[in-house]
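Residue-level structure breakdown
What follows is the residue order along each chain.
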Number of protein chains: 2
Amino acid sequence: MPVKQSFMDAALEQARLAAARGEVPVGAVVVKDGAIIARSGNANRARHDVTAHAEILAIREASEHLASDRLSECDLYVTLEPCTMCAAAISFARIRRLYFGAEDEKGGGVVNGVRFFEQATCHHAPEIYAGIGESEAATLLRDFFRRKREGA
Amino acid sequence: MPVKQSFMDAALEQARLAAARGEVPVGAVVVKDGAIIARSGNANRARHDVTAHAEILAIREASEHLASDRLSECDLYVTLEPCTMCAAAISFARIRRLYFGAEDEKGGGVVNGVRFFEQATCHHAPEIYAGIGESEAATLLRDFFRRKREGA
């Protein structure tokens with residue numbers, strides 16, 4: 001198994017754990033020197049915090065771990081295309097590479113919406129790799145929202 | 001003194017306190033029913049956290065205070081035009097009215113840059129009031145960066 005898939009698998013595991021807690025199933029991990037240094041799932045509901053997206057929590061955890069807000073040698077794996085808020089946070093943190101799973105037409109800010117990394121007010125853009133673990137990430141989200149609609 | 005100015009004065013006070021801590025001087029307060037329920041200044045440096053902008057911290061504090069992530073009856077006063085990350089967070093939190101001081105051509109995301117609130121991937125936009133306390137907010141920032149350049 002290529003290493004990149006195993007990191008996305010770890011992000012998918014965080015997404016599944018988020019779903020089990022009743023949160024929108026999105027997960028993220030931060031990788032440095034071939035090792036995961038932070039992992040998180042969405043926690044909006046539990047924390048009453050709209051900013052508690054998986055990416056934000058993972059970036060904050062990685063920064064704490066490294067005692068630095070510059071994550072220049074770090075890569076972020078996230079199961080869903082980051083939203084506008086998270087795309088900007090990824091830029092501020094100087095994340096080196098961004099790997100994401102499913103696209104998010106309604107709320108994404110990377111290859112949809114404001115396409116933040118292509119804008120003049122974006123002062124650092126990561127390398128972007130899309131579609132890794134896409135199918136499983138999308139299935140997790142689809143199942144979650146179907147169960148929600150059915151009131152399960 | 002009109003009430004709105006006094007709320008912006010409270011945000012400016014948070015910006016001054018941030019400067020005294022060596023942080024970029026931006027401050028924010030959240031107001032509900034005519035009272036300040038959260039106040040914060042930038043804390044990027046102290047927290048090693050790129051997401052610790054004044055607006056994000058104030059929104060998180062207000063959400064904690066109300067035990068809800070929906071701040072539909074809350075107004076946010078911030079000394080500088082919110083960046084792209086903060087604009088999205090303000091939208092997610094359903095902030096009712098946004099009052100800001102100085103514009104930010106390089107990093108703003110409201111009337112500059114991605115103009116997030118005008119985009120299709122923005123699902124809630126606050127009413128926006130710009131230029132309140134603008135001169136003092138801009139002076140604080142200018143003085144801060146001048147002192148930094150001078151190595152003070």
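Before any of the text, the structure's been laid out above.
Small disclaimer: the values here were computed from a predicted structure and weren't measured. (Residues numbered from 1 in each chain as written. Chains lettered and ligands numbered in written order. Predicted model: local features only at pLDDT ≥ 70, side-chain atom pairs only at ≥ 80, totals over all residues. Heavy atoms only, no water.)

**A few points about the relation of the copies chain A and chain B**
You can overlay chain A on chain B at an RMSD of 0.0 Å; the transform is a turn of 180° with a shift of 0.0 Å along its axis. Here the transformation between the copies is reduced to the relation of a two-fold axis. Distance from the rotation axis, computed per C-alpha, reaches its smallest value in chain A at methionine 85 of chain A: 2.0 Å. Both copies contact each other with a shared surface, as 100% of the interface residues of chain A are interface residues in chain B too. (Least-squares fit on C-alpha atoms with pLDDT ≥ 70 in both. Contact = heavy atoms within 4.5 Å.)

**Looking at the side chain of glutamate 81 of chain A**
Residues and elements named next belong to chain A. Inspection of the secondary structure puts glutamate 81 in the loop between β3 (74-80) and α4 (84-92). One buried charge, glutamate 81, has no salt-bridge partner; the nearest side chain with opposite charge is arginine 115, at 7.4 Å. When sequence neighbours within four positions are dropped, the list of residues in contact with glutamate 81 reads Phe100, Ala102, Glu103, Asp104, Gly108, Gly109, Val110, Val111 and Asn112. (Helix = DSSP H or I, 4+ residues; strand = E, 2+ residues; numbered from the N terminus. Buried < 20%, exposed > 50% of the residue type's maximum accessible area, 1.4 Å probe, protein only. Lys, Arg positive; Asp, Glu negative; His and termini not counted. Salt bridge = Lys/Arg side-chain N within 4 Å of Asp/Glu carboxyl O.)

**What about the pattern of salt bridges?**
All names here are of chain A. All told, the structure shown has 18 salt bridges over all chains when counted by the stated rule. For glutamate 136, the salt bridge goes to arginine 16, with nearest N and O atoms at 2.5 Å. Taken together, the residues glutamate 136 in helix α5 (residues 134-149) and arginine 16 in helix α1 (residues 3-20) connect sequence positions 120 residues apart. Judged by relative accessible area, glutamate 136 falls into the partly exposed class, the value being 37%.

**Examining the packing of aromatic side chains**
Residue and element names in this part refer to chain A. All chains considered together, the criterion is met by 10 aromatic pairs over all chains. An aromatic cluster of three or more residues is present, and its members are Phe7, Tyr77, Tyr99 and Tyr129. For lysine 4, the ring lying beneath its charged end belongs to tyrosine 129, and the centroid distance is 5.6 Å. (Phe/Tyr/Trp six-rings, centres within 6.5 Å; stacked < 30°, edge-to-face > 60°. Lys NZ or Arg CZ within 6 Å of the ring centre and 35° of its normal.)

**What about the environment of proline 82 of chain A?**
Residues and elements named next belong to chain A. By the secondary structure assignment, proline 82 is in the loop between β3 and α4. Through-space distance from the C-alpha of proline 82 to that of glutamate 136 is 16 Å; in sequence the pair is 54 residues apart. Among residues more than four places away in sequence, those in contact with proline 82 are Glu55, Ala87, Ile90, Leu98, Phe100, Gly108, Gly109 and Val110.

**Section: α4 of chain A**
For an α-helix, 3.6 residues make a turn, and residues three or four places apart therefore share a direction. Of all nine residues that make up α4 of chain A, eight are buried, and the element is covered over most of its length. Residues Thr84, Met85, Cys86, Ala87, Ala88, Ala89, Ile90 and Ser91 of chain A constitute the buried set of α4 of chain A. Looking at the buried side of α4 of chain A, the elements it contacts are α3 (54-66), β3 and β4 (97-102) of chain A together with α4 (84-92) of chain B. Arginine 94 of chain A sits one or two positions beyond α4 of chain A and adopts a positive phi of about 60°.

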